[in-house]
Amino acid sequence: MAYNKTEQYDEQTTLGLTDHYKKVLNLIGEDPEREGLLKTPERIAKAMQYMTQGYSQDARAILNSAKFHEPVSEMIVVKDIELYSMCEHHMLPFFGKAHIAYIPNGWITGLSKIARVVDVYARRLQVQERMTVEIMNAIKDTLNPLGVAVVIEAQHLCMMMRGVQKQNSETTTSAFFGEFEKYPTRNEFLKLISSNLSRK
Ligand SMILES: [Zn+2]
């Protein structure tokens, strides 16, 4: 049988959100009964649940589910991890890339788990600064590594579409623990994430 992934939404939550988004459409001067908008409240209700699914996920459990004993003590870097989140001040998207490194101390995790940890924290209402630290702490607490580094570069639609309307600004946040608090290690990581080695 071919691969088939089904989506599941909580019925009560979907109904409640749908009802509220109908009211929202009314309040902004729209007609929720016109053809193009008939199914919109339900679509947003589902999209919102998808985009906030991180609340019901546990980053530490994900990392622990693929934890392997391995005598590696070299820096492991996963860079250019796409991320899509929503700012908690305006509920507008911010999106960009996360670059993550850690230096194992006996334990490594699956590389895809690192990317999933980013999603767990991105798929909820966030501020970029807090998300950066949360990702670092999840890795630090589960793998007990010698060091962890997280850098996030993102563009915020709340700055681009409204407010100061700065279309080209990018916000960079970083969090460093252990070995990465020392200049040479941090510098090596920053060099690795800014190089184009893998791009032809
Ligand atoms: Zn905002």
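What you see is a predicted model, and the numbers here were worked out from it, not measured in a lab. (Residues numbered from 1 in each chain as written. Predicted model: local features only at pLDDT ≥ 70, side-chain atom pairs only at ≥ 80, totals over all residues. Heavy atoms only, no water.)

(A) Highlighting the packing of helix α1 (residues 11-27) against helix α2 (residues 40-51). Interhelical geometry of α1 versus α2 gives an angle of 125° and a closest axis separation of 8 Å. It follows that α1 is oblique to α2 by the angle criterion. Classified by chirality, the crossing of α2 by α1 is right-handed. Along its contact with α1, which presents Thr-13, Thr-14, Leu-17, Thr-18, Tyr-21, Lys-22 and Leu-25, the element α2 presents Pro-41, Glu-42, Ile-44, Ala-45, Lys-46, Met-48 and Gln-49. (Axes fitted to C-alpha atoms, helices over the stretch in contact; angles between N-to-C directions. Helix = DSSP H or I, 4+ residues; strand = E, 2+ residues; numbered from the N terminus. Parallel < 35°, antiparallel > 145°, perpendicular 65-115°, else oblique. Left-handed = near helix turned anticlockwise from the far one by under 90°. Contact = heavy atoms within 4.5 Å.)

(B) Summary view of helix α7 (residues 183-194). For α7, with twelve residues, the first-to-last C-alpha span of 16 Å sits near the 16 Å given by 1.5 Å per residue. Residues of α7 that are buried include every one of Thr-185, Phe-189 and Ile-193, and no others. Angular distribution of buried residues about the axis of α7 spans 65°; they occupy a single face of the element. In α7, the exposed residues that point more than 90 degrees away from the buried face are Tyr-183, Pro-184, Lys-191 and Ser-194. Next to the buried residues of α7 lie β2 (76-87), β3 (93-103), β6 (147-156) and β7 (171-178). (Expected span 1.5 Å × (residues − 1). Buried < 20%, exposed > 50% of the residue type's maximum accessible area, 1.4 Å probe, protein only. Arc of directions from axis to C-beta.)

(C) Broad picture of the coordination of the zinc ion. Looking at the metal site, the zinc ion is ligated by Cys-87 (SG), His-90 (ND1) and Cys-158 (SG), spaced 2.2 to 2.3 Å from it. Counting residues between consecutive donors of the zinc ion along the chain gives the motif C-x2-H-x67-C. Of this pair, Cys-87 sits in strand β2 while Cys-158 sits in helix α6 (residues 157-160), and the two are 71 residues apart along the sequence. The class of Cys-87 is buried, set by a relative accessible area of 5%. Its relative accessible area of 11% is what places Cys-158 among the buried residues. (Donors = N, O, S within 2.8 Å, 3.2 Å for Na, K, Ca; no water.)

(D) Structural detail: the side chain of Thr-109. Inspection of the secondary structure puts Thr-109 in strand β4 (residues 107-109). What Thr-109 contacts, discounting residues up to four positions off in sequence, is Leu-63, Ala-66, Tyr-102, Ile-114 and Leu-143.

(E) Quick peek at the sheet that holds β3. Sheet architecture is open: five strands sit in the order β5-β2-β3-β6-β7, paired in mixed fashion. In the strand order of this sheet, the two ends are held by β5 (125-126) and β7, each with one partner. Bridge count between β2 and β5: two bridges; the pairing is parallel. Across the sheet, residue Met-86 finds its bridge partner in β5, namely Leu-125. (Pairing = 2+ DSSP bridges.)

(F) Structural view of the layout of surface pockets. By volume, the largest pocket is sized at about 330 Å³. Taken together, Lys-5, Thr-6, Glu-7, Gln-8, Tyr-9, Asp-10, Gln-49, Tyr-50, Gln-53, Gln-57 and Arg-123 make up the full set of residues lining the largest pocket. Residues that form the lining of the largest pocket fall into these classes: two nonpolar, five polar and four charged. Here the second largest pocket is characterised by a volume of approximately 170 Å³. (1 Å grid on protein atoms, 1.4 Å probe; cavity = no way out; pocket = protein on both sides within 12 Å on 5 of 7 lines; lining within 4 Å. Points joined across faces, edges and corners; volume = space filled by probe spheres on them. Nonpolar A, V, L, I, M, F, W, Y, C, P; charged D, E, K, R; others polar.)

Fair warning: the whole summary comes from geometry, so function is off the table for now.
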